Amino acid sequence: MSSAVAKEHLTAAAKMVQGLAKPLAGVISFLLPTIIFVCSKAWAFYKSLPKNAVKFWTGFVFCFFGGLYPVTFAAVQAAEHGGRKKVVESLTALSEEALIILDESKKDDKKDDDGDGVEDVKQIDSAKFAMRKVNLVMTKMNPKKVDTAIATLYRVWLSVIAVLMVQFARTISLALSISDFIMKPVDRFITPTLLLATPKEYERWVPVVLGWAVKSIAMSIAWTIQTVISAVASAMTGGRMMGEAFYDFCAHRNWTLGGLIPANNADSYVDEAFMYLFAALGIYFQFKIQFDIPSPFNLLLWPLEVFEYYLKWTITKSGTTA
């Protein structure tokens, strides 16, 4: 491809991006404040819950859904110990800056500096609109505050990835072993056939694409095994949390349930019976749904699915290069 053609393609791409500036700004202006509002309300509700309720519902999630998103839940636990307070502070700082910029952008949209009765942003093309909004962000944003928040989030992210690599080291090793095992027959039987059917200028891509495919298959097999292990382990952990929370809830309100729940849980096996019951139900439920969120909930939780796969790929890839 000549430099002139490449330049022409880049220019076309730039024009397309500039053309999306106005509608994209509108979508962001509508969605971002809503997302921030909902998240802040959810966090405030979480903080207002009694400790027993938090423990019970946290245990419920681990008990019945721990095997569906094992890496995501492990990442949340790692972040909990690696700096949850700093993460919350950083996200709060970024949301505050975002709301400031959105508010300034709304004011900017109403400006009519030439006094003709029509807002200035409606009289400029997409390229000037994009530059106007970029300039607004650069002048209204607090760069020090944003830089500190992003740096903090990145440090916590690196610590989470490090913890996950240690926690799932056996799974990573299994995935790499399966990949090496599959790659040998692939190189012997499949690669030569594909090379014969591939145009010469694209032959260099054949081993690369096959490598991606084999790693994906190996990763899927290894993580499926890990999912089963995580489902059982998380069900037992969640069942224990639910049993203890339920017992404390009843004891705190003097609900003896006909003498089954004494004041001292050391004198009773009820909490343990609830632990085993919840754990068994959690294991059964996860095997029943085959470790996959049923419809229509899967449509709501697809971002979590994407994030889970990204984490698996990231720590497996990191294990490969380590």
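Note that the structure is a prediction, hence the values are computed from the model and not measured.

Re the overall build of the protein
At step 1: Secondary structure assignment for the protein yields 11 helices and zero strands.
At step 2: Along the protein, helices (α) and strands (β) appear in the sequence α-α-α-α-α-α-α-α-α-α-α when read from the amino end.
At step 3: Here the protein holds 322 residues, and 28% of them are scored as buried.
At step 4: In the structure as shown, the protein presents an accessible area of about 21,000 Å², 67% of it carried by carbon and sulfur atoms.

Regarding the packing of aromatic side chains
The description of an aromatic ring pair rests on the distance of the ring centres and on the angle between the ring planes.
At step 1: All told, the structure shown has 15 aromatic pairs when counted by the stated rule.
At step 2: Consider the rings of Phe168 and Trp223, whose centres lie 5.2 Å apart with planes at 55°: the pair is tilted. Here the residue Phe168 occupies a position in the loop between helix H6 (143–167) and helix H7 (169–197), and Trp223 occupies one in helix H8 (residues 205–252), the gap between them amounting to 55 residues.
At step 3: Through a chain of ring-to-ring contacts, the aromatic side chains of Phe56, Trp57, Phe60, Phe64, Phe65, Phe274, Phe278 and Phe285 assemble into a single cluster.

Re the confidence of the model for the protein
At step 1: Per-residue confidence for the protein gives a mean pLDDT of 80, with 84% of residues at or over 70.
At step 2: Here helix H1 (residues 3–19) is the element of the protein with the lowest mean pLDDT, 56, and H7 is the one with the highest, 89.

Topic: unusual backbone geometry
At step 1: Non-glycine residue Gln290 carries a positive phi angle of around 55°.
At step 2: The topology assignment puts Gln290 in the loop between helix H9 (270–288) and helix H10 (297–300).
At step 3: Overall, Gln290 belongs to the exposed group, its relative accessible area being 63%.

Remarks on the packing of helix H3 (residues 51–65) against H9
Any two packed helices are characterised by the angle at which their axes cross and by the distance between the axes.
At step 1: The geometry of H3 relative to H9 is characterised by a closest axis approach of 7 Å and an angle of 45° between their N-to-C directions. Between H3 and H9, the angle is such that the two are oblique. Residues Phe56, Cys63, Phe64 and Phe65 of H3 pack against Phe278, Ala279, Leu281, Gly282, Phe285 and Gln286 of H9.

Remarks on the packing of H7 against H8
At step 1: It is at 8 Å that the axes of H7 and H8 come closest, and there the two elements cross at 145°. In the crossing of H7 with H8, the sense of the turn from one axis to the other is right-handed.
At step 2: The class makeup of the residues in the contact of H7 with H8 is 19 nonpolar, five polar and one charged.

Topic: the environment of Lys51
At step 1: Assignment of secondary structure puts Lys51 in helix H3.
At step 2: For Lys51, a relative accessible area of 75% puts it in the exposed group.
At step 3: Separated by 198 residues in sequence, Lys51 and Phe249 place their C-alpha atoms 9.7 Å apart.

Examining the side chain of Ser90
At step 1: Turning to its location among the elements, Ser90 is positioned in helix H4 (residues 70–109).
At step 2: With residues up to four places along the chain from it excluded, the contact list for Ser90 reads Ala149, Thr152 and Leu153.

Some points on H9
Residues lying three or four places apart along an α-helix face the same way, a consequence of the helix completing one turn every 3.6 residues.
At step 1: When the terminal C-alpha atoms of H9 are compared, their 27 Å separation across 19 residues agrees well with the 27 Å that a helix rising 1.5 Å per residue should span.
At step 2: Buried-residue contacts for H9 involve H3 and H8.
At step 3: Directly after H9, the chain includes Gln290, whose backbone phi takes a positive value near 55°.

A look at a nonpolar patch on the surface
At step 1: Where nonpolar side chains cluster on the molecular surface, the patch consists of Leu174, Ile217, Ile221, Ile225 and Ile229 and spans about 410 Å² of accessible area.
At step 2: With four residues, H8 is the single largest residue contributor to the nonpolar patch.
At step 3: When you line up the elements, Ile221 lands in helix H8.

Observations concerning the nonpolar core
At step 1: With 15 residues, the main nonpolar core has Val71, Val160, Leu164, Phe168, Trp223, Leu311 and Ile315 as its most contacted residues.
At step 2: The set of elements that each furnish at least two residues to this core consists of H4, H6, H8 and helix H11 (302–321).
At step 3: Here this core takes five residues from H4, the largest share from any one element.
At step 4: Excluding residues within four positions of it along the chain, Ile315 makes contact with Val71, Ile161, Leu164, Met165, Phe168, Ile172 and Trp223.
At step 5: Phe62, Tyr69, Phe73 and Ile289 belong to the second largest nonpolar core, which has six residues in total.

As for the pattern of salt bridges
At step 1: All chains considered together, the criterion is met by six salt bridges.
At step 2: A salt bridge links Glu96 to Lys145, with the nearest nitrogen and oxygen atoms 2.9 Å apart. In this pair, Glu96 is assigned in helix H4 and Lys145 in helix H6, connecting sequence segments 49 residues apart.
At step 3: The class of Lys145 is partly exposed, set by a relative accessible area of 28%.
At step 4: Where salt bridges share partners, they join Lys55, Arg240 and Glu244 into one cluster.

The rules behind each value
Sequence positions are assigned chain by chain, starting from 1 and proceeding in written order. Selection of residues for local features in this predicted model requires a pLDDT of at least 70, selection of side-chain atom pairs for listing and counting requires 80 or more, and totals for whole chains, interfaces and linings are taken over all residues. Excluding hydrogens and water, the side-chain values take into account all heavy atoms of the structure. Put simply, DSSP marks the helices as runs of H or I at least four residues long and the strands as runs of E at least two long, and each gets a number from the N terminus on. With a 1.4 Å probe rolled over the protein chains alone, any residue whose accessible area is under 20% of its type maximum counts as buried; one over 50% counts as exposed, and the rest are partly exposed. We get accessible surface area from the Shrake-Rupley algorithm with a probe of 1.4 Å; when it comes to residues, only the shown protein chains can shield them. Here a Phe, Tyr or Trp ring, Trp counted by its six-membered ring, pairs with any other such ring whose centre lies within 6.5 Å, and the pair is stacked when the planes are under 30 degrees apart, edge-to-face when over 60, and tilted otherwise. Confidence of the predictor at the level of single residues is captured by pLDDT, which takes values from 0 to 100. Interaxial angles span 0 to 180 degrees and are taken between N-to-C directions of axes, which are lines fitted to C-alpha atoms, for helices over the stretch in contact. Any angle that falls under 35 degrees is termed roughly parallel, while one over 145 is termed roughly antiparallel, one within 65 to 115 roughly perpendicular, and all others oblique. Residue contacts follow a heavy-atom distance rule, with two residues in contact if any of their heavy atoms lie within 4.5 Å. Handedness of a crossing follows from how the near helix is turned relative to the far one, being left-handed for an anticlockwise turn of less than a right angle and right-handed for a clockwise one. Only Asp, Glu, Lys and Arg are considered charged, only Ala, Val, Leu, Ile, Met, Phe, Trp, Tyr, Cys and Pro nonpolar, and every remaining residue, Gly among them, polar. By this rule, a helix spans an expected 1.5 Å times one less than how many residues it contains. Residues form patches when they are more than 30% accessible in relative terms and have no salt bridge. Like charges link within 9 Å. Nonpolar side chains (Val, Leu, Ile, Met, Phe, Trp, Tyr) link within 5 Å. The salt bridge definition used is simple: a Lys or Arg side-chain nitrogen within 4 Å of an Asp or Glu carboxyl oxygen. In this text, buried Ala, Val, Leu, Ile, Met, Phe, Trp, Tyr and Cys residues form a nonpolar core when linked through side-chain atoms within 4.5 Å.

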